[in-house]
Amino acid sequence: MAASNTSNYTLRKAGKPFTADHRIWFERDGQPISPFHDIPLRAHDGEGSLNMVVEIPRWTNAKFEITRGERINPIGQNVKNGQLRFTNNCFPYRGYLWNYGAFPQTWEDPHHVHPDTGLPGDNDPLDVLDIGRAVGATGEVKTVKVLGILGLLDGGESDWKVIAIDLRDPVADKVNDIGDVEEHFPGLLDATRDFFRIYKIPDGEEPNEFALDGKFMNKRYALSVIASCQIAWKRLIFGTAGRGDISIENTTLAGTPGRIDPDDLNLPPNENLPPADVTPDEDWHFISRKELDLSTGWVSVDADE
C-alpha cells in the first residue's frame, strides 16, 4: 500500500523550544487549521490508512502535545506543577521508543466508561505509536496503518495506545496485525508495555496498570476503539458533548459551532528559534524488576490471533 505525501501541511513556530511559550501551529495550503479537528482521520490511500500527528519523535524526552484548550490547538510542551515535562530515562529506555502522537478527529470521552477498562477516557485525542524505523519530527503528519492496541490505565483514566506503522516503512507491507510485530520487531511489544508500566516511577508515582491483563489486542479490536473515539469526537465538535476546557475552534468544518474565519486569527510570524538552554534530567533511573514482577501474568502478544 503506497503512502500519500502530506506536504500540503506546513508549520508555523513561535517561541523557543523547551520554554512554556513555544507553540507550533498548523497550516494547510496557507490556511490555519487545528491538528485536533481539521486534519482528517482517514488518509486518501484506502480504507486502512489513517493520519497521525507526531508530537514526540522517537528517542526524545520533551513531552510535546496538542494543546486541547488553546485556539486551534497548537502543539506545546506539557507543563505539570509549573515545570516543563521531560520523560524519564528508565533503564534501558532512553526517551520514547517510537514516534508518539495522536489521531486527529478522535477523543477519549471522559464522560464514557469503557466496558473493558472500567474507567472513563482521558479527555485527549487517541494516542498512537508509530513503530516504523524512520524518526519523525514534531508536527509531522504521517500516514500509518493500524496493527493493534494496548489498554493503559493511567491516573484513573483509560489511556489507549494504538500500535501502528508508517506506510513508508520498508516492512509495512509485511506487518498487518499485532501478531506480525514480534516477527519483524522482536521484543518491541514487551518493551512498550514495560515502558508504560515504569516511566512515572521516578516521579514518585505508582506503576501503571493495564486493562485486559496487559494483552495487546489485535487490529480489529483497535479499529473498534478508534471508531468509538471518532464518534465521541463528532459529539464534541458538533456541541452535543460537554467539552469542558477543550477548544473546538476549527476553520474547515461546516455546520460546527466552533468554525471560525481564519482571517480572525492573528498568528505570530514563523520564527524557528533555537531551543532554550534547558538541560533535562539525563540521568538513568533504575527500576527494581523484582519489585515490579513484570514477568508474571502477561499474555503472549499473539494470543489474540
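Before any of the text, the structure's been laid out above.
What you are looking at is a predicted structure, and each value in this text was computed from that prediction instead of being measured.

Visitor: How should a nonpolar patch on the surface be read in this particular structure?
Guide: A cluster of nonpolar residues, Phe91, Trp284 and Phe286, forms a patch on the protein surface that exposes about 350 Å² of accessible area. Relative to the assigned elements, Phe91 resides in the loop between β9 (89-90) and β10 (99-102). Classification of Phe91 by relative accessible area gives partly exposed; the value is 42%.

Visitor: Whenever I open this one, the environment of Gly255 confuses me. Can you help?
Guide: Of note, Gly255 is situated in the loop between α3 (219-237) and β15 (284-285). The exposed category is assigned to Gly255, whose relative accessible area is 68%. Residues Gly255 and Ile237, 18 residues apart in the sequence, show an inter-C-alpha distance of 9.6 Å.

Visitor: Is there a simple way to explain the pairing of strand β2 (residues 23-28) in this structure?
Guide: On any regular strand, side chains alternate: one points to one face of the sheet, the next to the other face. Counting buried residues in β2 gives 6 out of 6 residues, a clear majority hidden from the surface. Taking every second residue as pointing to the same face, both faces of β2 are buried, with Arg23, Trp25 and Glu27 on one and Ile24, Phe26 and Arg28 on the other. Here strand β1 (residues 9-14) pairs with β2 via 6 bridges, running antiparallel. Residue pairing across strands places Ala14 opposite Arg23, the latter belonging to β2. Taken together, the 3 bridges between β2 and strand β3 (residues 31-33) define a ladder with antiparallel strand orientation. Looking at β3, one finds that Glu27 is bridged to Pro32.

Visitor: How should I be thinking about the environment of Arg259 in this particular structure?
Guide: Assignment of secondary structure puts Arg259 in the loop between α3 and β15. Measuring from C-alpha to C-alpha, the distance between Arg259 and Ala211 comes to 37 Å, with 48 residues separating the pair along the chain. Ignoring sequence-local partners within four residues, the contact set of Arg259 consists of Asn250, Thr251, Thr252, Leu253 and Ala254.

Visitor: What should I look at first to understand the pattern of salt bridges in this one?
Guide: Pairs can form between side chains of opposite charge whenever their charged atoms are close. In total, this model carries 17 salt bridges according to the counting rule given. Notably, a salt bridge pairs Arg68 with Asp245, separated by 3.7 Å at the nearest N-O pair. Pair noted here: Arg68 is in the loop between β5 (64-66) and β6 (75-77) and Asp245 is in the loop between α3 and β15, with a separation of 177 residues, a long-range link. Residue Arg68 is classed as partly exposed on the basis of its relative accessible area, which comes to 25%. Under the relative-accessibility criterion, Asp245 is labelled partly exposed at 46%. A salt bridge links Glu140 to Lys142; the nearest nitrogen and oxygen atoms lie 4.0 Å apart. Classification of Lys142 by relative accessible area gives buried; the value is 1%. Beyond isolated ion pairs, a larger network of salt bridges with shared partners links Asp130, Glu140, Lys142, Asp166 and Arg168.

Rules used in this analysis
- Residues numbered from 1 in each chain as written.
- Predicted model: local features only at pLDDT ≥ 70, side-chain atom pairs only at ≥ 80, totals over all residues.
- Heavy atoms only, no water.
- Patch = residues over 30% accessible without salt bridge, like charges linked within 9 Å, V, L, I, M, F, W, Y side chains within 5 Å.
- Areas by Shrake-Rupley, 256 points an atom, 1.4 Å probe, with all protein chains shown as cover.
- Salt bridge = Lys/Arg side-chain N within 4 Å of Asp/Glu carboxyl O.
- Helix = DSSP H or I, 4+ residues; strand = E, 2+ residues; numbered from the N terminus.
- Buried < 20%, exposed > 50% of the residue type's maximum accessible area, 1.4 Å probe, protein only.
- Pairing = 2+ DSSP bridges.
- Contact = heavy atoms within 4.5 Å.

Purely geometric stuff here, so don't read any function into it on its own.
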